[in-house]
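Chain residues, written in single-letter form:
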Amino acid sequence: MAHSGIQETARPGVGSVPRVTAVEALSNYLLLVHFDNARQRKYDLKPLLAKPLFAELKNPRIFRQVSVEPGGYAVSWETGADISEYELWRNGVEVYP
């Protein structure tokens, strides 16, 4: 797994970060991320598209090929770009049913 600079670790005493169980690529470069605590968050990838590691994801076909890394510690693309579960949880916007 390549590291994007977005990988972070949970801080001691803050509690554990849930793991990713599924991810869906939505329109407008949004990800819908499902976590193992039955919660969902939307994560806006647009700010990252200016970074070289994420530039290829501007192609919608490539963006849609997102997958969950084994263990649920990140989502990634075959381009080498990845985003940690901590970043997705911390900066995603909660989706309420």
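Everything below is about the structure shown above.
Nothing here was measured: the structure is a model prediction, and the numbers come from that model.

**Student:** Got a minute to help me understand the sheet that holds strand 4 (residues 67-68) in this structure?
**Tutor:** Taken in spatial order, the three strands line up as 4-5-6 in an open sheet, and their pairing is antiparallel. In this open sheet, the two strands that pair with only one neighbour each are strand 4 and strand 6 (82-84).

**Student:** It is not clear to me how the nonpolar core should be interpreted in this structure. Could you clarify?
**Tutor:** For soluble globular proteins, the rule of thumb is that nonpolar side chains tend to be buried together. Membership of the largest hydrophobic core comes to 23 residues, with the highest contact counts inside it found for Leu31, Leu45, Val75, Trp77, Ile83 and Leu88. Contributions of two or more residues to this core are made by strand 1 (20-25), strand 2 (30-35), helix 1 (60-63) and helix 2 (85-91). Apart from residues no more than four positions distant in its own chain, Val75 is found in contact with Val20, Val23, Leu31, Val66, Ser67, Val68, Glu69, Ala81, Asp82, Ile83 and Leu88.

**Student:** I'm lost on the sheet that holds strand 3 (residues 40-44) in this one. Help?
**Tutor:** Backbone-to-backbone hydrogen bonds join strands into a sheet, with any given pair of strands oriented parallel or antiparallel. Taken together, four strands build an open sheet; the order of strands is 1-2-3-7 and the sheet is antiparallel. Every other strand in the sheet has two partners, leaving strand 1 and strand 7 (93-95) as the edge strands with one partner each. Taking the axes of each pair of neighbouring strands and ignoring which way they run, one obtains an average angle of 30 degrees across the sheet. Strand direction decides the pairing type here: strand 2 and strand 3, joined by five bridges, are antiparallel. Across the sheet, residue Val33 finds its bridge partner in strand 3, namely Arg41.

**Student:** What am I meant to see in the pairing of strand 2 here?
**Tutor:** Successive side chains on a regular strand alternate, one facing one side of the sheet and the next facing the other. With five of its six residues buried, strand 2 lies for the most part within the structure. Where strand 1 and strand 2 come together, five bridges link them in antiparallel fashion. Looking at strand 2, one finds that Ala22 is bridged to His34. Hairpin connection between strand 1 and strand 2: a loop of four residues separates the two successive antiparallel strands, and Asn28 in this loop has a positive phi of roughly 60 degrees. Between strand 2 and the antiparallel strand that follows it, strand 3, lie four residues; Ala38 among them carries a positive phi value of about 70 degrees.

**Student:** How should the pattern of salt bridges be read in this particular structure?
**Tutor:** Close approach of charged atoms allows side chains of opposite charge to pair. Inspection of every chain in the model, using the stated rule, returns three salt bridges. Of the charged contacts in the structure, one is a salt bridge between Glu94 and Arg41, with a shortest N-O distance of 3.6 Å. Of this pair, Glu94 sits in strand 7 while Arg41 sits in strand 3, and the two are 53 residues apart along the sequence. Among the residues examined, Arg41 registers a relative accessible area of 12% and is labelled buried.

Rules of the game
Residues numbered from 1 in each chain as written. Predicted model: local features only at pLDDT ≥ 70, side-chain atom pairs only at ≥ 80, totals over all residues. Heavy atoms only, no water. Pairing = 2+ DSSP bridges. Helix = DSSP H or I, 4+ residues; strand = E, 2+ residues; numbered from the N terminus. Core = buried A, V, L, I, M, F, W, Y, C linked by side-chain atoms within 4.5 Å. Buried < 20%, exposed > 50% of the residue type's maximum accessible area, 1.4 Å probe, protein only. Contact = heavy atoms within 4.5 Å. Axes fitted to C-alpha atoms, helices over the stretch in contact; angles between N-to-C directions. Salt bridge = Lys/Arg side-chain N within 4 Å of Asp/Glu carboxyl O.

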